[in-house]
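Here are the chains, one letter per residue:
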Amino acid sequence: MLEILLPILIFAALALAAIGAWRRIRLWRQGRPAEVDLLRGLVAMPRRYLVDLHHVVARDKAMSNTHVATAGGFVAAAMLMILVHGLGLANPVLGGLLLAASALMFVGSLFVARRRRNPPARLSKGPWMRLPKSLMAFSLSVFLSTLPTVGVLPADVGSWILALALVAALAWGLGEMFFGMTWGGPMKHAFAGALHLAFHRRPERFSDKQGGTGRSTGLKALNLEDTSAPLGVETPSDFTWNQLLGFDACVQCGRCEAACPAFAAGQPLNPKKLIQDMVVGMAGGSDAAYAGSPYPGKPVGEHAGEPHGPIVARQGTALVDAETLWSCTTCRACVEECPMMIEHVDAIVDMRRFLTLEHGNTPNKGAEVLDNLIATDNPGGFDPGSRLHWAADLNLPLMADVKQADVLLWLGDGAFDMRNQRTLRALVKVLRAAEVEFAVLGNEERDSGDVARRLGDEATFQSLAGRNIATLAKYRFQRIVTCDPHSFHVLGNEYGELGGNYEVRHHTTFIAELYDADRLAFAPWKGGTVTYHDPCYLGRYNGEYEAPRRVLEALGIQLNEMERSGFRSRCCGGGGGAPITDIPGERRIPDMRMNDVKETGAELVAVGCPQCTAMLEGVVDASAEVRDIAELVADALVARPIADAASPARRPVGKTTAEEVF
Amino acid sequence: MRPEQQGIEVAVLVSVGRHPITGRTRRADQDARGLELALGLERQVPGSRVSLLHAGPRSEESEAALRGYLGMAAGAGMAAGAGMGLETLTLLEQAEGSDAIPALVEHLAAAPPQLVITGARAERGEGSGLLPYALAERLGWPLVNGLAAVEKVENGVATLLQALPRGQRRRLKVRLPAIVSVDAAAPAARQSAFGPARRAGLEVGRVAAEPDLALAEWQLAPARKRPKRLKIIKAASARDRFKAAAAKVEGGNGQVLEGVSAEQGAEAIFKLLKEEGILR
């Protein structure tokens, strides 16, 4: 009986899966067109899966092994089952392999079951709770029905009832694994995920065989020339089709939720729920079936959407509330943690673009900051002619005078902030001590456009970027050095698309290079214990975790690392315009970060970003002092041994600077 | 809302503004507040229509600034903004240095709206603040300055709230058509959105240019900050300071000279300047 029923079952499930796949693809195709190299993507997909995706999954060893066993076992078992039971190739070798594969899958499913016994809060429940049972039903029933094939058991063993029970279990397993994969069950992640990896909107973020690590963090530009192109995303169908596909790939593992600073602060954002809401919107319906943690303070079941309906309502509720989108600090912790390589931040900025450019509805101080950027080229509305006031006594060489220099020192908007001016002065002192030939743009510099872009005002960003690029084109320099990771990111990763390609260094990277080239010497560290806070836009956005630590080591500092540091560093709360839109939560993000600092017992937290400095220094009753690495370096400067000093022509400059230190 | 209430036609006069720090063109703050007030009328007087009117030369810069007003169509809770007629702005094109008043009078008289809203003072040009008065005089309409809110419009009579110094308000009834001017007491303007601003159209109408003869005689120079009388704080306690901040200006020390000769008047002024330490 099994020989008749099994092929019917298998091919029926496959046919249903094919219909489901077609329907699912139609859902994705509602999105806008996107330029994707389909064939190259499909070819690259196995590597992206086995290397890049696995690299993220493997951060949780137990889960990674579980997934390798379950998924590997399933893929092998499914293929072999089609051959052995579907096509009747009852060959003992294939049968044996099928037994091994289904056994492996069964072992994996036991671990899945164990994880589901007391699941952490970040995991979604609902249909996901039945998944281990479905996996077991599939693997066990395939295993048992293969036993007669390899001759371990006679073909007519057991009764009709036993055979029927086996068929029923197999039908369940097939239903979950094949049918559910394309009709929206938990296994959807395998189908959508594989295609998402192949057709990812940032193919350059994956590693390659030549050893490139792959990084792609710059936001993609809107085409403002084309007046008929929509500005940002209003409805789910305004996303590109591969973005919709990416949302559908979500496994609801909640790693993003666990990493999200806004969620932890009780602000109404949960990256996982946001992605699920996009899936709801793409298919049409309400979020009532969502079985994970809600947006803090927003019960599930009150929001609904449709593919061509608005995501954010002008009045009342639609799919998502605007404050959810404005809670994001664009720290990219969710993207970094996502094993499915979903691009949450891109989606959030796309939706913000619509809110700002079409609704004209940037919350709180947003409108004022954008107006300032338009009228004065800086977010604070300061006189652009006063950008260099902090350096009135420093005699900084201006690019307009010298026309060329080794290093263009990009000041950033911190030049208007009294706290950051101390950092800038320290940095200038360090550069002079190392006899670096540098110049500044002075009043010709404008805001890089970081805040405008992340508040969704692409028009103002492109205006600022275009004028900055035109200014930079007038001068010759080797590289740009800046103490602002936001400017660093925008100049280095986002100006390229608009025609400005520069070599940009964060000041910590540059100081580390100067130290390695023996152009700086430091007095030994006499202060207390120190920890280091990785700025998001330096670390996750640009992969620079080493240089700041190397500089601190060179200063003789032994770091007490925070639990969340490096690529897992927790945001200070200052990115993405979050301090401007200021969405209320239960806690403040910088308070949580200073608590992290407190747990290390450090008396000083070293930072490398004006935003982080401002946010962390704003914490009341903090246990640690906040200093920029440039300040620590400037304080520790001592004269280099004379033998090492550079060309005699420049020596006097170096000497005077060094003498100031004593 | 009473059903018999009919929407009214509102014309908002908008000018090209000037940012106080950088001098870049922008939507003028007071005019934008005027438009905000007009857009808010939808709540009091459903069915109202807003039209934007500007008289002046056309250039890329001024067009960008004028589009700033058109971008306000999409503001918060203003789904009806576009329905209120904000897709276009009527630009009465004039050569540089022309007098805007005759052009505006002609346009307004040809198709009179019930309410004309304007900022109290332009941010560039003469900036004398006389335009609303000149318009009111020529059209023969009443004028209310310093408007804070339009409370209701019934049977051709508007109930207005006028802002007076120190947060005081005065309720006025005015027969329409009327001209009202707004200053910083009116509600702040909403954000201007790039998309609607870019899509909106400018209806350009040429008008007979009357050269502004008065302006031609003027000499323009950058403005200087006006000298402020030094404030000597005498208050010893918080209560005194609060009283000094909240109290009405009391003109007790003033002296009215009537029927005196020029010499006597000059003498009095001279004495005052000496007392104040301005002349020594």
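Keep in mind that this is a model prediction, so the values were computed, not measured. (Residues numbered from 1 in each chain as written. Chains lettered and ligands numbered in written order. Predicted model: local features only at pLDDT ≥ 70, side-chain atom pairs only at ≥ 80, totals over all residues. Heavy atoms only, no water.)

Take the overall build of chain B next. When helices and strands are counted, chain B shows 8 helices and 12 strands. Every one of the 280 residues in chain B was classed for burial, and the buried ones make up 40%. Across chain B, the fraction of contacts at a sequence separation of at least 24, relative to all contacts at a separation of at least 6, is 73%. (Helix = DSSP H or I, 4+ residues; strand = E, 2+ residues; numbered from the N terminus. Buried < 20%, exposed > 50% of the residue type's maximum accessible area, 1.4 Å probe, protein only. Contact = heavy atoms within 4.5 Å.)

What follows deals with the packing of aromatic side chains. Residue and element names in this part refer to chain A. Counted by the stated rule, this structure contains 12 aromatic pairs over all chains. On the basis of an interplanar angle of 70° and a centroid distance of 6.2 Å, the ring pair of Phe 74 and Phe 178 is categorised as edge-to-face. Taken together, the positions of Phe 74 in helix α3 (residues 61–86) and Phe 178 in helix α6 (residues 160–183) put the pair 104 residues apart, joining distant regions of the chain. The exposure classification of Phe 74 matches that of Phe 178, with both residues buried. By way of ring pairs, the aromatic residues Phe 74, Phe 138 and Phe 178 are connected into one cluster. The ring of Tyr 290 has Lys 273 sitting right over it, with the charged end atom 5.4 Å from the ring centre. (Phe/Tyr/Trp six-rings, centres within 6.5 Å; stacked < 30°, edge-to-face > 60°. Lys NZ or Arg CZ within 6 Å of the ring centre and 35° of its normal.)

Moving on, we get to the side chain of Thr 531 of chain A. Among the structural elements, Thr 531 of chain A can be located in strand β8 (residues 530–532). Excluding residues that lie within four positions of it along the chain, Thr 531 of chain A makes contacts with Leu 559, Asn 560, Glu 561, Met 562, Val 597, Thr 600, Ala 602, Leu 604, Val 605 and Ala 606 of chain A.

What follows concerns the sheet that holds strand β11 (residues 178–182) of chain B. Residue and element names in this part refer to chain B. Strand order across the open sheet formed by 7 strands is β7-β11-β6-β1-β4-β5-β12, with parallel pairing between neighbours. Since the sheet does not close on itself, it has two edges, and those belong to β7 (143–144) and β12 (201–206), each with one partner. Note: strand β6 (residues 115–119) against β11, 5 bridges, orientation parallel. Bridging from a neighbouring strand, Leu 115 pairs with Ala 178 of β11. (Pairing = 2+ DSSP bridges.)

So, on to the domain arrangement of chain A. Per the domain assignment, the segments making up chain A are domain 1 (2–184), domain 2 (236–359) and domain 3 (373–661). If you average the C-alpha positions of domain 1 of chain A and of domain 3 of chain A, the two centres end up 51 Å apart. (Domains from an automatic or database assignment.)

Here Leu 176 of chain B and Pro 177 of chain B are connected by a cis peptide whose omega angle stands at 0°. Take Pro 177 of chain B: it is sitting in the loop between β10 (169–175) and β11. Positive phi, normally seen in glycine, also occurs at Asp 582 of chain A, with a value near 45°. Inspection of the secondary structure assignment puts Asp 582 of chain A in the loop between α23 (578–581) and α24 (589–600).

Residue and element names in this part refer to chain A. On the secondary structure map, Pro 299 appears in the loop between β1 (285–286) and β2 (304–305). Judged by its relative accessible area of 46%, Pro 299 is partly exposed. For the pair Pro 299 and Ala 288, spaced 11 residues apart in sequence, the C-alpha separation works out to 9.4 Å.

Here we come to the sheet that holds strand β8 (residues 147–154) of chain B. Residues and elements named next belong to chain B. A sheet is described by the order of its strands in space; here 3 strands give the open sequence β8-β9-β10, paired in antiparallel fashion. The strands lining the two open edges of the sheet, one partner per strand, are β8 and β10. Strand-to-strand twist across the sheet, computed as the mean angle between neighbouring axes with direction ignored, equals 20°. Note: β8 against strand β9 (residues 157–163), 6 bridges, orientation antiparallel. By the bridge assignment, Val 150 is partnered in β9 with Leu 160. (Axes fitted to C-alpha atoms, helices over the stretch in contact; angles between N-to-C directions.)

Let's shift gears to the interface of chain A and chain B. Contacts between the two partners involve 26 residues from chain A, matched on the other side by 17 residues from chain B. Summing the contributions of chain A and of chain B, the shared interface buries around 1600 Å²; its carbon and sulfur component is 48%. Broken down residue by residue, the surface that chain A buries against chain B is led by Arg 314, Glu 358 and Ala 375 of chain A, which jointly contribute 28%. Seen at the junction of chain A and chain B, the total is 3 salt bridges. For Asp 377 of chain A, the salt bridge is made with Arg 24 of chain B, and the minimal N-O distance between the two is 2.6 Å. Ranked by residue count, the leading element in the side of chain A that touches chain B is helix α15 (residues 366–376) of chain A, at 6 residues. (Buried area = accessible area lost by both parts, 1.4 Å probe. Salt bridge = Lys/Arg side-chain N within 4 Å of Asp/Glu carboxyl O.)

Glancing now at the pattern of salt bridges. All names here are of chain A. Applying the stated criterion to the full structure yields 54 salt bridges over all chains. Between Arg 419 and Glu 631 there is a salt bridge; the shortest N-O distance is 2.8 Å. Note that Arg 419 is positioned in helix α17 (residues 418–433) and Glu 631 in helix α26 (residues 629–636), a separation of 212 residues in sequence. Given the relative accessible area of 10%, Arg 419 is considered buried. Its salt-bridge partner being Arg 593, residue Asp 596 comes within 3.0 Å of it at the nearest N-O pair. Highlighted residues: Asp 596 and Arg 593, both in helix α24, separated by 3 residues, approximately one helical turn. We note that Asp 596, like Arg 593, is buried. Three or more residues joined by partner-sharing salt bridges are found here, namely Asp 350, Arg 353, Asp 450, Arg 453, Arg 454, Glu 458 and Glu 494.

Here the focus is the side chain of Glu 257 of chain A. Residue and element names in this part refer to chain A. As for its position among the elements, Glu 257 is in helix α9 (residues 255–259). You can call Glu 257 buried: its relative accessible area is 4%. Reaching out from Glu 257, the side chain makes a polar contact with the side chain of Asn 270 at a distance of 3.1 Å. Ignoring anything within four residues of it in the chain, the contact list for Glu 257 reads Ala 121, Arg 122, Phe 263, Asn 270, Pro 271, Lys 272 and Ser 293. (Polar contact = N/O pair within 3.5 Å; in protein donor to acceptor, adjacent residues only side chain to side chain.)

This part takes up the UniProt feature "transmembrane region" (unreviewed entry) in chain A. Residue and element names in this part refer to chain A. Mapped onto the present numbering, the UniProt feature "transmembrane region" (unreviewed entry) falls on residues 6–22, 68–87, 93–113, 134–153 and 159–179. Split by type, residues 68–87 is 95% helix and 0% strand. Its first and last C-alpha atoms lie 27 Å apart. Secondary structure content for residues 159–179 is 95% helix and 0% strand, and the end C-alpha separation is 28 Å. (UniProt positions renumbered as here; feature names shortened; annotations may be inferred.)

Residue and element names in this part refer to chain A. Over its 16 residues, helix α5 (residues 131–146) runs 22 Å from end to end, which matches the ideal 22 Å to within 8%, given 1.5 Å per residue. Among all positions of α5, only Leu 131, Pro 132, Ser 134, Leu 135, Ala 137, Phe 138, Ser 139, Ser 141, Val 142, Ser 145 and Thr 146 are buried. Where the residues of α5 are buried, they touch α1 (2–28), α3, α4 (92–117) and α6. (Expected span 1.5 Å × (residues − 1).)

We now examine the pairing of strand β10 (residues 625–628) of chain A. Note on strand geometry: in a regular strand, side chains alternate between the two faces of the sheet. All names here are of chain A. As judged from the 4 bridges shared by strand β9 (residues 604–607) and β10, these two strands associate in the parallel manner. Among the inter-strand pairings, Leu 604 is bridged to a residue of β10, identified as Glu 625. Handedness of the β-α-β unit built from β9, helix α25 (residues 610–617) and β10 comes out right-handed. (Right-handed = clockwise from strand over helix to strand, strands pointing away.)

Next up on the list: the state of the cysteines. All names here are of chain A. Under the criterion given, the structure shown has 0 disulfides over all chains. Cysteine Cys 256 is unpaired, with the sulfur of Cys 253 as its nearest cysteine sulfur at 6.2 Å. Judged by relative accessible area, Cys 256 falls into the buried class, the value being 9%. In this model Cys 609 remains outside any disulfide bridge; the closest cysteine sulfur is found in Cys 612, 3.8 Å from its own. Judged by its relative accessible area of 1%, Cys 609 falls in the buried class. (Disulfide = S-S within 2.5 Å.)

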